[in-house]
Amino acid sequence: MSMDKKMQDSFAMFYGMSQSLEGQVEPVEMEDILRVAKAKEVFINKASRDTALNLDACVNCGWCAEACQFYVASGDPKFTPVAKLNLMKKVQKRELGPLRGLYKMFTKDITVDDLKELQPKVFDDCTMCGRCSMICPMGIDISELVHTNREALLEAGMIPSSLDYMCREQDKEGTIFGAGEKLLDYRLDELKEEYGVDIYMDKPDSDILMLTSGLDIHLFNDAMLGTIKTLDHLKVKWTLCSHAFEGANFGLLAGSDKTQKHSTLTIVNAAIEMGVKLVLTPECGHTYPAMRWAAAEIYGKPLPFEVMTVSEYFGQQIMEGKLKLNKVPGNKVVTLHDPCKVGRHGGVFEEARAVIHELGLELHETESNRELNYCCGGGAGNFLIHSAAATRKLGFQNKMIEVKDTGAESLVVSCGSCRLNFEAGKLDSNETIEIESIAALVGENLPGQKQPTDNKKVISEPTKQKQTQPLDENESASIGRFSESWMISFKKAWNDTAKVTEPLAAINFDSNIGYGFLGDDKPRGVLQVKNGHVVSTGNYQGEKLNWDIRASEKLWEKWHQSPPNMTAIGLAYTMRKMQFIQGDYAAMLTEPRMAGPFIKSFEAMSKA
Amino acid sequence: MKTNKPISVKQTLQNNGVSRRSFMKFCAATASMMALPPGAAKLIAAALEKITRPSVIWLSFQECTGCIESLTRSHSPSIEGLIFDVISLDYQHTLQAAAGESAENARRAAMAENKGEYLLVVDGSIPLKNGGVYSTIAGMSNLEMLKETAKDAAALLCVGSCSAFGGLPNANPNPTGAVAVSDIIKDKPIINVPGCPPIPSVIAGVIVQYLTFGLPELDHLNRPMAFYGQSIHDRCYRRPFYERGQFAESFDDEGARKGWCLYKVGCKGPTTYNACATTKWNNGTSFPIEAGHGCIGCSEPNFWDNGGFYNPLSQTPITDKTNLGVAVAAGVATGVGATLLAKTKQNKTKTPSSNDGENL
Amino acid sequence: MTLLEFARGPALQWALIIFLFGIFFRLASIFVFHKNKPLSAARKPSFFAGFKTIFSRSIPHAIFRKRIGGLFITSTAWHLGFLFVLLFFGPHIDFFKGLLGVSWAGAPNSVVMPVAGFTLALLIWALIRRFRHPVLKKISNMDDYLSLIITALPLLTGLMASAHIEMRYETMLAIHMLSVSLLLVWFPFSKLMHVLLFAPSRKRLGEKLARRGVKA
């Protein structure tokens, strides 16, 4: 596995939380008439020559379905790409087309039910991968029009709850998954300590602005590390920016024009202020088009800097002979996945291949590759949409057929979202292929480094846990937290909270959960949960635990005062302020949706 | 003048020195023209011999006399000429000896004597404008004369395209208000024998058919199916060239000299029904296509106004192209206007969004 | 006025007027909208790439042939067949000569008729398929069905006229011309406009992709 133990556990947590984002924000309240009006307003305002041309050019030939990963995998006509645009076509004809008078007379207007039906079509059932545009005999840019549909639904307050959550966070905080400056610094310190890399933040007179993403900060540190190491190795003048490091753009994914622009301009303005020549986007699919193509439009004129993604930049350096890499021993057979947004919509193909060749890996291309490749199945934020799980699986299975045909040992990809989807897909299938990141591979095979042996990466042991002073008995006794009586009232609070018990009962959640303090060698109190309800509680008696949750007293107190949400838990976990001495990660992977009620249990705890 | 007493056709033929052989030849020729089996010749002969010569009144109205010329102009006694031995032509402007009042009296007398039995043959159209003043005979308008004479006729035979469909006078701009016989007479059986002129043997053949078999099978334009049942195109000897795509593109070009199909120089053969391609003209000498000129469709209604003799059938006859230019301009104007109006719906500050089309 | 005179004359004339009006009406209604002009740095110039896509898109990428190879052949065949009959049957060439003033060599009827028959068969098959295939059933509307039928009618009536089936020749010819008038009138207000729209639509995609360094 390309993921070490630490990353595997982090992946489990991340997976659990990412599947539990629904319901984290209240749905948008709006009159139905207003929803319809707002959606129509988007369709009307966004109409351009290209839109009108594309919508009129469709001849309903149905070929687009034959290129769509989901239709190919399932044969279900609901996935037909152009069917997703039927509502948009109708609005165009009724509102802007030359015969709109007649259409208005003889057809009914769109309704909020139409919008409700539209939502899964353009969020769950489409990753906007664009493969359909490659087969369409009329050359219709279907994915771009699907994006417009997302924008319409956002204005109508009808986007999936999980994307709404992400978008609002990015709009308000500029971060995703809570990965703010604090977490970034934490992670960078960790990397500095462990690997001795030079990391620059807000360094003036830099040529390259490196971007990263919450996904890499939380989970795919190897990609981040690889990028940093290679930039150091190339001896280029690079820097991160403390107030503009998030490359991901949930405004774009959710369909919020406002948030997309806001996030983009944050980066553009920082890049200009710092006078960099190149903005380097991380291994993240949609970051690339957001910066490479859309940013100039948002800025209003051509950007005064170049934009490249990591695989593109490193590949180019290799092609120009400026970067040499050690060869990975063993003539390992790999295959390459071109991420849709970097490949088909980005034009980065040969650079990634240059990296693979330079590494001495034997590349077996999948049958569909480059601009015709199949999507991983999990793009455009659909990874966060639980109702899209079955569809994602279809995409994964479809992709795997071609991957397996190559006979490769590893699947190399330069996009965190794809990586996430591949790893998740492996969970409930028989696939065991290694998933590797280009940035990580480059970073691991820079000349002058310790060579990995037998294709095993350098296993990085989890850092020494940040030691905190164990609480003395008096303190804990006086506070009473996790004492027997305290646990009893916790039990009551837990069982009284339907938002905890009901979802857990639905997944037959049985677990022994211990609670305690960092630094102690034992947890204090234990809850025994059966079918989502706490059946018994008491002090820790040495029983086998599924979960052993520790945090500092200060943190427990803070959470008692204001219960943590998903983001806060995620942050605490990544920064190791909350630790699982014992973690039932396997259960989390099988039932990721336990994360939601699990986090709500902290809310219950605050009532104890 | 009193008409002859009814004597049989046989008797008449004998009196006029027509040999039986000639008569049989005539019957055989007529039978084969109608595509009847050989035995029919005897049938025709028997029928003709028995009957008494029927009275025929021939009215000529707004016409060029081409039809009667076609029928009678021959430089040697023709079989067609024999028809006049079979019928009793009691009134015909060109052929009769009588003139003036006596001619009209002869007509009325024949009408009275053969009331309900005489055959009325008409050639020429009937002008209606200004009380029909554009063609009068003996002070009577054609319209009046037609109505008066048709009243007691057994059937009407409209010889030539003018009486059948209106013909040349009826063509654009039709200054005399010319109409066909069938536009006026509605209550008598009408047989149209169109053509400009009709083939002489067809005229004779129709009469023989009528006398032998009664009213013949007629098509939707009241033309006898026996002679007008096939299109020129379907019987044209040049048809293989049409099928092979070999056309004369202009007169006297290579294709024309090789005798290729004349479709492209305006032949209306496909939509013209007549016997020209089989029976031909001048005792089977030739017909227009064989002579190198496309069929002008003269046995069809409105053939004068059907887009020109030299424009192919597949070309629309209306050639005014300015309409089309206006259509284009109007389309652009209304399209632009309608869409500019639609654009006002778009919010100017938001539209289109700067990053549209470039998000993915 | 006989049916044939009507079909050849006023019917066709008005059909042509509506046809031209409608086409320019529809085209104007698309091209008056705002044109997107990208500001990002292009990887490659895309001017000619757009034009290239107009032609290259006519042949699907090899990877798709597994799934739509058969469809590609039949759809190309019927389009070519239709064009062949339209442009290379002698009398049709005269029709265009009358309108446009140019003519060209035609093909013998022994070739045109079987091609017409084959093309008509393909259209009928396409219509049946549209009723039965799950994807097409889902996305097809009246426009799709009617366009197929209205396009097939001239072929059907033309063949019937040539073969002297059913009615008198000039009636069938008139019906054939009327079916052409119907096609002309239907054309600008239906999906048949793709005959004109395919080019700009493909061009735009080709441009967008080419400037990004992606082969369309």
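Computed from a predicted structure; not experimentally measured.

Thoughts on the overall build of chain A
When its secondary structure is counted, chain A shows 29 helices and 13 strands. Overall size of chain A, expressed as C-alpha extent along the three principal axes, is 80 × 65 × 50 Å. Residues classed as buried in chain A amount to 57% of the 608 residues present. In chain A, once contacts between residues fewer than 6 apart in sequence are set aside, the share between residues at least 24 apart is 80%.

Structural notes on the overall build of chain C
Summing up its helical and strand segments, chain C has nine helices and zero strands in all. Its helices and strands taken in sequence order, chain C reads α-α-α-α-α-α-α-α-α from the N to the C terminus. Counting only C-alpha atoms, chain C reaches 65 × 40 × 35 Å along its principal axes. Scored against the burial criterion, the 216 residues of chain C give a buried share of 43%. Nonlocal contacts in chain C, meaning residues at least 24 apart in sequence, comprise 73% of its contacts between residues at least 6 apart.

Some words on the interface of chain B and chain C
Contact with chain B, which involves 38 residues of that partner, is made by 39 residues of chain C. Only helix 13 (239-244) and helix 15 (322-343) of chain B provide two or more residues apiece to the side of chain B that touches chain C. Take the side of chain B that touches chain C: its biggest share by element is 13 residues, from helix 15 of chain B.

Looking at the domain arrangement of chain A
Often, the extent of an interface is quoted as the loss of accessible area upon association of its parts. Residue and element names in this part refer to chain A. Along its sequence, chain A is carved into domain 1 (32-157), domain 2 (170-308), domain 3 (319-444) and domain 4 (473-605). The interface of domain 1 with domain 2 comprises five residues on the first partner and four residues on the second. Looking at side-chain class alone, the side of domain 1 that touches domain 2 contains two nonpolar, one polar and two charged residues.

Digging into the interface of chain A and chain C
Across the contact, 44 residues belong to chain A and 46 residues belong to chain C. Those elements giving two or more residues to the side of chain A that touches chain C turn out to be helix 3 (49-57), helix 4 (63-67), helix 9 (131-135) and helix 17 (287-299) of chain A. Sorting elements by how many residues they give to the side of chain A that touches chain C places helix 3 of chain A first, with seven residues. Of the residues contributing to the side of chain A that touches chain C, the split by class is 21 nonpolar, 12 polar and 11 charged.

Here we look at the nonpolar core
As a rule of thumb, nonpolar side chains are buried together in soluble globular proteins. Cys64, Ile142, Leu153, Leu209, Val279, Leu280 and Val355 of chain A are the most contacted members of the largest nonpolar core, which has 228 residues in total. Counting residues per element, this core draws most heavily on helix 1 (residues 3-31) of chain C, at 16 residues. In contact with Leu153 of chain A, not counting residues within four places along its chain, are Ala39, Leu115, Leu118, Gln119, Met158, Ile159 and Gly255 of chain A. Core analysis: the next-biggest nonpolar cluster, separate from the first, contains 81 residues, Cys27, Met34, Trp58 and Ile126 of chain B among them.

Comments concerning helix 3 of chain A
Counted residue by residue, helix 3 of chain A has eight buried out of nine residues, so it is predominantly covered. Residues Asp50, Thr51, Ala52, Leu53, Asn54, Leu55, Asp56 and Ala57 of chain A constitute the buried set of helix 3 of chain A. On the buried face of helix 3 of chain A, the contacting elements are helix 2 (32-46), helix 6 (86-96) and helix 10 (142-155) of chain A together with helix 1 and helix 9 (194-211) of chain C.

Looking at the packing of helix 11 (residues 161-173) of chain A against helix 16 (residues 257-274) of chain A
All names here are of chain A. Viewed as axis vectors pointing N to C, helix 11 and helix 16 meet at an angle of 45°, and their least axial separation amounts to 10 Å. The angle between helix 11 and helix 16 places the two elements in the oblique class. Helix-helix and strand crossings are classified by hand; for helix 11 and helix 16 the assignment is left-handed. Within the contact between the two elements, helix 11 uses Cys167, Gln170 and Asp171 and helix 16 uses Thr259, His262 and Ser263. Of the residues in the contact of helix 11 with helix 16, the class split is one nonpolar, four polar and one charged.

Examining the environment of Thr149 of chain B
Residues and elements named next belong to chain B. On the secondary structure map, Thr149 appears in helix 8 (residues 142-150). The class of Thr149 is buried, set by 22 C-beta atoms lying within 10 Å. Residues Thr149 and Gly337 lie 188 residues apart in sequence; the distance between their C-alpha atoms is 65 Å. When neighbours within four sequence positions are excluded, Thr149 is seen to be in contact with Ile57, Leu59, Met111 and Leu120.

Looking at helix 11 of chain A
All names here are of chain A. The first and last C-alpha atoms of helix 11 sit 18 Å apart over 13 residues, in line with the 18 Å expected at 1.5 Å per residue. For helix 11, every residue scored as buried is listed here: Ser162, Leu163, Asp164, Tyr165, Met166, Cys167, Glu169 and Gln170. Contacts made by the buried residues of helix 11 are with helix 15 (250-254), helix 16 and helix 27 (566-574). Backbone geometry just downstream of helix 11 places Gly174 in the positive-phi region, at approximately 75°.

What about the sheet that holds strand 3 (residues 119-123) of chain B?
Residue and element names in this part refer to chain B. Taken together, five strands build an open sheet; the order of strands is 2-1-3-7-9 and the sheet is parallel. Unpaired on one side and paired on the other, strand 2 (88-91) and strand 9 (190-193) mark the two borders of the sheet. Averaged over all neighbouring strand pairs, the angle between strand axes comes to 25°, with direction disregarded. Across three bridges, the pairing between strand 1 (residues 55-60) and strand 2 is parallel. Counterpart to Ile57 in the pairing with strand 2 is Tyr91. Lying over the sheet, helix 6 (residues 100-113) contacts strand 1 and strand 2, oriented at roughly 125° with respect to strand 2.

Regarding the confidence of the model for chain C
All names here are of chain C. When the pLDDT values of chain C are averaged, the result is 93; 100% of them are 70 or greater. Across chain C, helix 5 (residues 109-132) holds the top mean pLDDT of 96, while helix 4 (residues 90-100) sits lowest at 90. Both scores are available for the predicted complex, with the pTM at 0.87 and the ipTM at 0.95.

Re the pairing of strand 10 (residues 525-530) of chain A
Residues and elements named next belong to chain A. Looking at chain direction, strand 9 (residues 511-517) and strand 10 are connected through five bridges and run antiparallel. Across the sheet, Asn512 pairs through a bridge with Gln528, a residue of strand 10. Relative to strand 11 (residues 533-539), strand 10 runs antiparallel, the two being bridged by six bridges. Within the sheet, the bridge partner assigned to Leu527 lies in strand 11 and is Thr537. Counting the residues that bridge the hairpin from strand 10 to strand 11 gives two residues, and of these Asn531 lies at a positive phi of roughly 55°.

What about the environment of Asn531 of chain A?
All names here are of chain A. Structurally, Asn531 is set in the loop between strand 10 and strand 11. On the basis of neighbour count, Asn531 is assigned to the partly exposed category, with 13 C-beta atoms found within 10 Å. Once the C-alpha coordinates of Asn531 and Gly174 are considered, the two residues, 357 residues apart in sequence, prove to be 39 Å apart. Contact partners of Asn531, with chain neighbours within four places excluded, come to Ala505, Asn508, Phe509 and Asp510.

A few points about the sheet that holds strand 1 (residues 208-210) of chain A
All names here are of chain A. With respect to topology, four strands assemble into an open sheet ordered 2-1-3-4, the strand pairing being parallel. The outermost strands of the open sheet, each flanked by one partner alone, are strand 2 (238-239) and strand 4 (306-309). Where strand 3 (residues 278-281) and strand 4 come together, four bridges link them in parallel fashion. Within strand 4, the position partnered with Val279 by the bridge is Val307. On the sheet, helix 18 (residues 310-319) packs against strand 3 and strand 4 and is oriented at approximately 95° with respect to strand 4.

Looking at the packing of helix 8 (residues 112-122) of chain A against helix 10 of chain A
All names here are of chain A. At a minimum axis separation of 10 Å, helix 8 and helix 10 run at an interaxial angle of 135°. With respect to helix 10, the element helix 8 is oriented oblique. Between helix 8 and helix 10 the crossing geometry is left-handed. Within the contact between the two elements, helix 8 uses Leu115, Leu118, Gln119 and Val122 and helix 10 uses Val146, Asn149, Arg150 and Leu153. Taken together, the residues of the contact of helix 8 with helix 10 break down into five nonpolar, two polar and one charged.

Rules of the game
Residues numbered from 1 in each chain as written. Chains lettered and ligands numbered in written order. Predicted model: local features only at pLDDT ≥ 70, side-chain atom pairs only at ≥ 80, totals over all residues. Helix = DSSP H or I, 4+ residues; strand = E, 2+ residues; numbered from the N terminus. Buried ≥ 20, exposed ≤ 12 C-beta atoms within 10 Å, placed from the backbone. Contact = placed C-beta atoms within 7 Å. Domains from an automatic or database assignment. Nonpolar A, V, L, I, M, F, W, Y, C, P; charged D, E, K, R; others polar. Core = buried A, V, L, I, M, F, W, Y, C linked by C-beta atoms within 7 Å. Axes fitted to C-alpha atoms, helices over the stretch in contact; angles between N-to-C directions. Parallel < 35°, antiparallel > 145°, perpendicular 65-115°, else oblique. Left-handed = near helix turned anticlockwise from the far one by under 90°. Expected span 1.5 Å × (residues − 1). Pairing = 2+ DSSP bridges. pLDDT = per-residue confidence, 0-100.

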